[in-house]
Amino acid sequence: MTEAVLLVGGKGTRLRPLTLNTPKPMVPAAGVPFIAHQLARARAAGAGHVVLATSYLAEVFEPYFGDGSAHGLRLTYVTEKEPLGTGGAIRSAAEALATGPRGPVLVFNGDILTGLDIRGLLRRHEQAQADVTLHLTRVADPRAFGLVPTDADGRVLAFTEKPGRPEEIVTDQINAGAYVFRRDVIDTIPAGRPVSVERETFPGLLASGALLHGVVDASYWLDLGRPASFVQASADLVRGVVRSPAVPGEPGEHLVLPGARVEEGARLSGGTVVGAGAYVEAGADVEGSVVLDGAHIAAGARIRASMIGRDARVGPRTALDGVVIGDRAEVGADNELCDGARVWCATVIPDAAIRFSAA
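Residues numbered from 1 in each chain as written. Predicted model: local features only at pLDDT ≥ 70, side-chain atom pairs only at ≥ 80, totals over all residues. Heavy atoms only, no water.

So, about the pairing of strand 6 (residues 104–109). With respect to burial, strand 6 is a largely interior element, 5 of its 6 residues being buried. For strand 1 (residues 2–7) and strand 6, the ladder comprises 5 bridges, and the chain directions are parallel. When the sheet's bridge partners are listed, Glu3 is paired in strand 6 with Val105. Relative to strand 11 (residues 173–182), strand 6 runs antiparallel, the two being bridged by 5 bridges. Bridge assignment links Phe108 to a residue of strand 11, and that residue is Ala178. (Buried < 20%, exposed > 50% of the residue type's maximum accessible area, 1.4 Å probe, protein only. Helix = DSSP H or I, 4+ residues; strand = E, 2+ residues; numbered from the N terminus. Pairing = 2+ DSSP bridges.)

Turning our attention to the sheet that holds strand 24 (residues 313–314). In space, the 6 strands of this open sheet follow the order 15-18-21-24-27-30, with parallel pairing throughout. Since the sheet does not close on itself, it has two edges, and those belong to strand 15 (261–262) and strand 30 (348–349), each with one partner. Both strand 21 (residues 296–297) and strand 24 contribute to a ladder of 2 bridges, which runs parallel. What sits directly across from His296, in strand 24, is Arg313.

Time to look at unusual backbone geometry. Backbone torsion omega between Arg16 and Pro17 reads 10°, so that peptide bond is classified as cis. Its place among the elements puts Pro17 in the loop between strand 1 and strand 2 (28–29). Positive phi, normally seen in glycine, also occurs at Ala305, with a value near 50°. One can find Ala305 in the loop between strand 22 (302–304) and strand 23 (307–308). For Ala305, a relative accessible area of 28% translates into the label partly exposed.

A cluster of basic side chains, namely Arg14, Lys162, Arg199 and Arg226, defines a positive patch on the protein surface. With respect to the helices and strands, Lys162 occurs in the loop between strand 10 (160–161) and strand 11. (Patch = residues over 30% accessible without salt bridge, like charges linked within 9 Å, V, L, I, M, F, W, Y side chains within 5 Å. Areas by Shrake-Rupley, 256 points an atom, 1.4 Å probe, with all protein chains shown as cover. Salt bridge = Lys/Arg side-chain N within 4 Å of Asp/Glu carboxyl O. Lys, Arg positive; Asp, Glu negative; His and termini not counted. Charge placed at Lys NZ, Arg CZ, Asp CG, Glu CD.)

The 5 strands lie next to each other as 16-19-22-25-28, forming an open sheet whose pairing is parallel. The open sheet has two edge strands with one neighbour each: strand 16 (267–269) and strand 28 (336–338). Between one strand axis and the next, the sheet turns by 5° as a mean value, whatever way the strands run. Here strand 16 pairs with strand 19 (residues 285–287) via 3 bridges, running parallel. Within strand 19, the residue paired with Arg267 across the bridge is Asp285. (Axes fitted to C-alpha atoms, helices over the stretch in contact; angles between N-to-C directions.)

The following block contains the structure:
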């Protein structure tokens, strides 16, 4: 079986306050921690052993996933005392691998949701006899990503990490965050210091004459770095826009987890998730949102494309659109928040305190 490394050590600062108490890969999407979807897809592709490269809030992973046997995997946890960057994390995690020098090792970033054919990526790696194979995808605006132009045969020609000038945008192909490394190539990454695989490892390999192969794939792909993207990913998983074996239910307009209470007359749509112990009162309208465990949505509340934290409360007639409510926060009645507003954990907003419209 193939071995894999899953990079889950980042602090997830762009997702705060969601990640103040929970590492980004453990934030629930479609009813389970996001990392569960990645592990399920790795297992479906034939991976038998996955090394989790952890750092931030590392102690929360093993109590949830254990040795991995419940998920059909063997899991090993490698924790960085100091952040080592993407390349350093891969190098550190590789100490737990058993793959031979020429064998393939899958590597995944822990914040990407994709419909990539992982078995197909492995086949292309073997056919090209590459040192590293990269999953690439095309985006309309590549400025926020690492650009990876290739020739007609898929050979990588260059790397431009987050281009700053228009003339640097030479392709719409970007690094999509999934790789196949030949095992002995990982050993060339310097150990014990921070290394960026995007800025140092890949350009260095290219300069040394290594064969880096790019596979452009047009399947579903989403970077979950921002709250809006995370909420969208959860909704797309629930609705079956992208499939995951880890979703605890059939595709549909909503997913209500065991222990949740949704009163008759409440409306759930657009891939909404209601977590265990959460309560949605009659007359509430929740569209394309994530309501985490223990949260309470009062009558008449209107919530769209938002995430409501654990044990948070949204008062009667309050409207939220594209908002993150932190754990244990309370938003009183008759408020209106929108356009990326973030309410920090345990914050209390009084009744009728905030509005964005004149109504």
